[in-house]
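# Close look at the chain arrangement
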Amino acid sequence: MAHAKPQHDYHLVDPSPWPLATSMTVVVMLTGAVVWMKGMFGLPEGSKWMFFAGLAGVLFCLYGWWRDVIRESQKGDHTPVVQLGLRYGMIMFIASEVMLFVSFFWMFFDMAIFNESRAAIPEIGNWAETGAAWATWPPKGVELLDPWSLPLLNTVILLLSGTTVTWAHHAIIKNDRDGAKLALWITVGLGLIFSGVQAYEYYHIIHSHLFFNETATNSGLYGSMFFLITGFHGFHVAVGTIFLAVCLLRLYLGQMSPEKHFGFEAAAWYWHFVDVVWLFLFAFMYVIYG
């Protein structure tokens, strides 16, 4: 009876090694990152092999895990009730991502709006100098980027990619496979272009010493927050680009239909979330408080 056909709409997942294996490889990867930056367990600073070994393990586990989910879908295990659960899961995941960026922006707004209160830091050690540096925002010595050059270009790129991913979604619904493929190719290409432009922007900031220089001593918090927020967003763009590229591959393999294409819907939701976050980032970090 254990293998009898279930008399309900829920899918009981088979025992899987992927949750435990993924957790273990994530620990190895993060420990490797600490070793790379600081050294640990007798390993010298700059040792990269543990980080990349963990990263390879994480990627392998994710591939196996998502491969199994796709196979379950193809076997018919994703009933309407299961698909509803998957949608709720994706919504909750995006909500958690929203709160992650809320915490980043909270920190940025605290420094940008209430910067004058930093001057009241007590005369304890170097804190007085740091407080004086933070009393103006952006801190003295920090050279800002022109928001109407590369940042504006990346804004246009992401907004355009939001329209093309919507085009792809409508094409799938109408069973226009050629149109969906073309739209997804364009979206993936725009994602890659965005990452390339951001990499060039980082290169310009670092090599021109815009945020970290002798004049901006004790005011490196601006640069740290800039790279934290834009870097995490850039990471999400890279993940979203991979997500959409996998959907494009599955489209070529005939694994999506007008009736069943939640994998693409999840990727499209994620991509729109990335677009919205960038609009806030562009408006506040580059234009208003930049």
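As a reminder, the structure under discussion sits directly above these lines.
What counts and what doesn't
Residues numbered from 1 in each chain as written. Predicted model: local features only at pLDDT ≥ 70, side-chain atom pairs only at ≥ 80, totals over all residues. Heavy atoms only, no water. Salt bridge = Lys/Arg side-chain N within 4 Å of Asp/Glu carboxyl O. Buried < 20%, exposed > 50% of the residue type's maximum accessible area, 1.4 Å probe, protein only. Helix = DSSP H or I, 4+ residues; strand = E, 2+ residues; numbered from the N terminus. Contact = heavy atoms within 4.5 Å. Lys, Arg positive; Asp, Glu negative; His and termini not counted. Core = buried A, V, L, I, M, F, W, Y, C linked by side-chain atoms within 4.5 Å. Axes fitted to C-alpha atoms, helices over the stretch in contact; angles between N-to-C directions. Parallel < 35°, antiparallel > 145°, perpendicular 65-115°, else oblique. Left-handed = near helix turned anticlockwise from the far one by under 90°. Nonpolar A, V, L, I, M, F, W, Y, C, P; charged D, E, K, R; others polar.

### Brief notes about the pattern of salt bridges
- The tally for this structure, following the rule as stated, stands at two salt bridges.
- The partner of Asp68 in a salt bridge is Arg67, with the nearest N and O atoms 3.3 Å apart.
- By relative accessible area, Arg67 is classed as partly exposed at 29%.
- Here Arg87 ties to Glu265 by a salt bridge, and the two come within 2.8 Å at their closest N and O atoms. With Arg87 in helix H3 (residues 80-113) and Glu265 in helix H8 (residues 262-288), this pair connects stretches of sequence that are 178 residues apart.
- Looking at Glu265, the relative accessible area reads 12%, which means it is buried.

### Some words on the environment of Gly54
- Relative to the elements of secondary structure, Gly54 occurs in helix H2 (residues 49-74).
- Exposure remark for Gly54: the relative accessible area of 1% places this residue in the buried category.
- Separated by 27 residues in the primary sequence, Gly54 and Val27 place their C-alpha atoms 7.7 Å from one another.
- What Gly54 contacts, discounting residues up to four positions off in sequence, is Thr25, Val28 and Met29.

### Quick notes on the side chain of Glu201
- Relative to the helices and strands, Glu201 is located in helix H6 (residues 177-207).
- Buried charge without a salt bridge: Glu201, with Lys48 as the nearest opposite-charge side chain at an N-O distance of 23 Å.

### A short note on the nonpolar core
- Formed by 53 residues in total, the largest nonpolar core has its most connected members in Phe108, Leu184, Phe226, Leu244 and Phe264.
- Breaking this core down by element, the ones donating at least two residues are H3, helix H5 (150-173), H6, helix H7 (221-252) and H8.
- Contact partners of Phe108, with chain neighbours within four places excluded, come to Trp137, Tyr222, Met225, Ile229, Phe284, Met285 and Tyr289.

### Comments concerning the packing of H3 against H7
- Where H3 meets H7, the axes come as close as 9 Å, and the angle between the chain directions of the two elements is 160°. Classified by the angle their axes make, H3 and H7 are roughly antiparallel. When you trace H3 past H7, the crossing you get is left-handed. Mapping the contact onto sequence places Met90, Glu97, Leu100, Phe101, Phe104, Phe105, Met107, Phe108 and Met111 in H3 and Leu221, Tyr222, Met225, Leu228, Ile229, Phe232, His233, His236 and Phe243 in H7.
- Looking at the contact of H3 with H7 residue by residue, the classes come out as 15 nonpolar, two polar and one charged.

Any link to function would need more than the numbers given here.
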